[in-house]
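Structural characterization, general
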Amino acid sequence: MNITAVSTAINAIAADLLVTFVFQDDPLYKKKTTDIVNRFGASVDTALSMKDFSGKEGETLLLYTGNKKAPRLLMIGTGESKKFSLEKLRRAVATGAKKGKSLKVSSLAITVPDVDVILPESIEEIAAAMAEAFLLSLYQYDKYLTKEKIGKPISKITFCTASSFIREIKTGLATGKAIAEATMHARDLTNAPGSDLYPATLAHDAQQTGRRHGFSVRVFEKKKIQQLGMGGVIGVSKGSEKEPRFVIMEYGKQFRKNGTLVLVGKGVTFDTGGISIKPSAGMAEMKMDMGGAAAVVGTMQATAQLKIKRHVVGLIPSVENMPSGSAVKPGDIIRHYNGKTSEVDNTDAEGRLILADALSYAETFKPKLVIDLATLTGACVVALGHYATGMMGNDQESMDALKTAGERSYDRVWQLPMFDEYEKLIKSDIADVKNVGGRWAGAITAGWFLKKFIGNYQWIHLDIAGTAMQEENQDYIPRGGSGAGVRLLIEFLRNWN
Ligand code: BES
Ligand code: ZN
Ligand code: ZN
């Protein structure tokens, strides 16, 4: 898709569909300066006087102009200007993009709202959010759809501004495009079936991404993982014919003096539950159990593409959790990378077993902060549903910063308590820790398990079990893999200090 910006009011643009925004407290007919009125005056006035459209949030009005160069004008209501926000802008843009798609237009032009209506956002942020929402809302996992079913894509989009901020807008659009592409990459990985995406192919994807976007990638195979003593990764992978992988991605080593961020992503490419097998209903969804890994690959991609001045390391322990004669069994004891042991009470609590190795391995990078992302517990989905990622950790300041990044990106997180009382629920009589904590507070006992394996660094655990996969179509997030975590982490990283 060709994305351009022009410093021309939308009235002078030729495109199959023009999209513009109208606030309910600033209806078009009152805005004498708006050129659109001159071009489309009659039909706009009629529609407004008939009260078919008043600019309320979510309202749309499609006008046919009779002008071949710009045959359609879509006005999107954006509500009260005082209550406008980046998120409302994203949703409005998504409405425009989807309308363009359903009308099968090939070119579309859209107005960039004036900076003064979304104070205190910069025009760059506004443009970035627009590009992001536009691209994300048109996402479709179409790899396995035969050609006829795929709609004709919009090939050209022009962002129009009457302001003099064209340079800032162009920068913002490039930022938004990079973030959207990284998010869509994470969506593709999450949506990929287990038959195609297994540890070796996930590692291969990371390698290709590194080559394409400029970060280094090392992949440990089974033998090396064994030699390193990563008993969790080896143990969980034992039941599968697919060998495990441990992926290390690294970007921006030269910025190490500013502090290293290590990202760890759960990469269970399919989770049957193992010997503690899951019920068959809904099991297909467990192809998404590498959503954490997908978010880490996506974040590495965007970090490199945006040339963020930070040392960022991405770690992915990857396995397929299968039941078989060689699988890990309830009652088995595993020794992890840092020497600690865990009793496997339930083979379906496998994510924490592989993360334990990765979190203790993270220490070798002497990180300032480690953030892990994992589709870790059904309990987190019960607690928060699909609209917030569960957050736990040992450093309140970092968690507060992440929460702010979540609100800005709308890739939101919600903190759960890590009170000491929860710790005893995962006590084992025969090993250092047990991998399940009983019926209650499953998301928190999982967090506590991970905490046993962290090193001397600030740490945040993100349980994305509910957010990595969406059940319903939303404005710019379609049903299926969402890419949750990518936009959150990039927003966080751009402001990290
Ligand atoms: N991958 C699942 C968690 C999950 C559930 C992710 C639903 C996305 C949607 C995880 O490995 C798991 O099975 N966890 C168990 C833990 C239990 C055995 C303590 C769970 O949540 O039931
Ligand atoms: Zn599981
Ligand atoms: Zn799992």
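What this report covers is the structure whose coordinates are included nearby. (Residues numbered from 1 in each chain as written. Chains lettered and ligands numbered in written order. Predicted model: local features only at pLDDT ≥ 70, side-chain atom pairs only at ≥ 80, totals over all residues. Heavy atoms only, no water.)

**A short note on a positive patch on the surface**
- A cluster of basic residues, Arg218, Lys224, Lys253 and Arg256, forms a positive patch on the protein surface.
- Residue classification places Lys224 among the partly exposed residues on the basis of a relative accessible area of 35%. (Patch = residues over 30% accessible without salt bridge, like charges linked within 9 Å, V, L, I, M, F, W, Y side chains within 5 Å. Areas by Shrake-Rupley, 256 points an atom, 1.4 Å probe, with all protein chains shown as cover. Salt bridge = Lys/Arg side-chain N within 4 Å of Asp/Glu carboxyl O. Lys, Arg positive; Asp, Glu negative; His and termini not counted. Charge placed at Lys NZ, Arg CZ, Asp CG, Glu CD. Buried < 20%, exposed > 50% of the residue type's maximum accessible area, 1.4 Å probe, protein only.)

**Some words on the side chain of Ser240**
- Checked against the element boundaries, Ser240 lands in the loop between helix H7 (231-237) and strand E8 (245-251).
- The exposure class assigned to Ser240 is buried, which follows from its relative accessible area of 12%.
- At 2.8 Å, the side chain of Ser240 and the backbone nitrogen of Lys242 are in polar contact.
- Polar side-chain contacts of Ser240 include one of 2.7 Å to the side chain of Glu320.
- In this structure, Ser240 is in contact with Glu320 and Met322, ignoring residues within four places of it in sequence. (Helix = DSSP H or I, 4+ residues; strand = E, 2+ residues; numbered from the N terminus. Polar contact = N/O pair within 3.5 Å; in protein donor to acceptor, adjacent residues only side chain to side chain. Contact = heavy atoms within 4.5 Å.)

**What to know about the coordination of the zinc ion (ligand 3)**
- Coordination sphere of the zinc ion (ligand 3), protein contribution only: Lys266 (NZ), Asp271 (OD), Asp289 (OD) and Glu350 (OE), at 1.9 to 2.4 Å.
- Taken together, the six donor atoms coordinating the zinc ion (ligand 3) and their angles of 77 to 173 degrees define a geometry best described as octahedral.
- Each donor residue of the zinc ion (ligand 3) belongs to the same chain, with the gaps between them written as K-x4-D-x17-D-x60-E.
- Exposure remark for Glu350: the relative accessible area of 1% places this residue in the buried category. (Donors = N, O, S within 2.8 Å, 3.2 Å for Na, K, Ca; no water. Tetrahedral: all angles 85-135°; square planar, octahedral: opposite > 155°, others 65-115°.)

**Digging into the pairing of E8**
- Among the seven residues in E8, seven count as buried, and that is most of the element.
- With burial as the criterion, each face of E8 is covered, one bearing Arg245, Val247, Met249 and Tyr251 and the other bearing Phe246, Ile248 and Glu250.
- Judged from the five bridges that link them, strand E7 (residues 216-220) and E8 form a sheet pairing that is antiparallel. Looking at the pairing, Arg218 lines up with Ile248 of E8.
- As paired strands, E8 and strand E11 (residues 311-321) are joined by seven bridges and run antiparallel to one another. Bridging across to E11, Met249 finds its partner in Gly314. (Pairing = 2+ DSSP bridges.)

**Quick notes on the pattern of salt bridges**
- This model, assessed by the stated rule, comprises 21 salt bridges.
- Glu87 is the partner of Arg90 in a salt bridge, and the nearest nitrogen-oxygen pair spans 2.8 Å. Note that Arg90 and Glu87 are positioned in helix H2 (residues 86-102) at a spacing of three residues, about one turn of the helix. Grouping residues by exposure puts Arg90 and Glu87 together as buried.
- Linking Glu423 and Lys452 is a salt bridge whose minimum nitrogen-to-oxygen distance equals 2.6 Å. Placement of Glu423 in the loop between strand E16 (413-415) and strand E17 (433-434) and of Lys452 in the loop between helix H12 (442-451) and strand E18 (458-463) is noted, with a sequence separation of 29 residues between them.
- Take Glu423: its relative accessible area is 28%, and that puts it in the partly exposed class.
- Classification of Lys452 as partly exposed rests on a relative accessible area of 21%.
- Salt bridges linked by common partners bring Glu87, Arg90, Arg91, Glu132, Asp475 and Arg487 together as one network.

**Regarding the site of ligand 1**
- As a structural note, the neighbourhood of ligand 1 is formed by 16 residues, with Asp271, Lys278, Asp348, Glu350 and Gly378 the closest of them.
- A distance of 3.2 Å is found between an oxygen atom of ligand 1 and a side-chain nitrogen or oxygen belonging to Lys266.
- Take Asp348: an N or O atom from its side chain is 2.8 Å from an oxygen atom of ligand 1.
- Taking 520 Å² as the accessible area of ligand 1 by itself, protein coverage stands at 79%. (Near = heavy atom within 4 Å.)

Everything listed here is a matter of geometry and, on its own, says nothing about what the molecule does.
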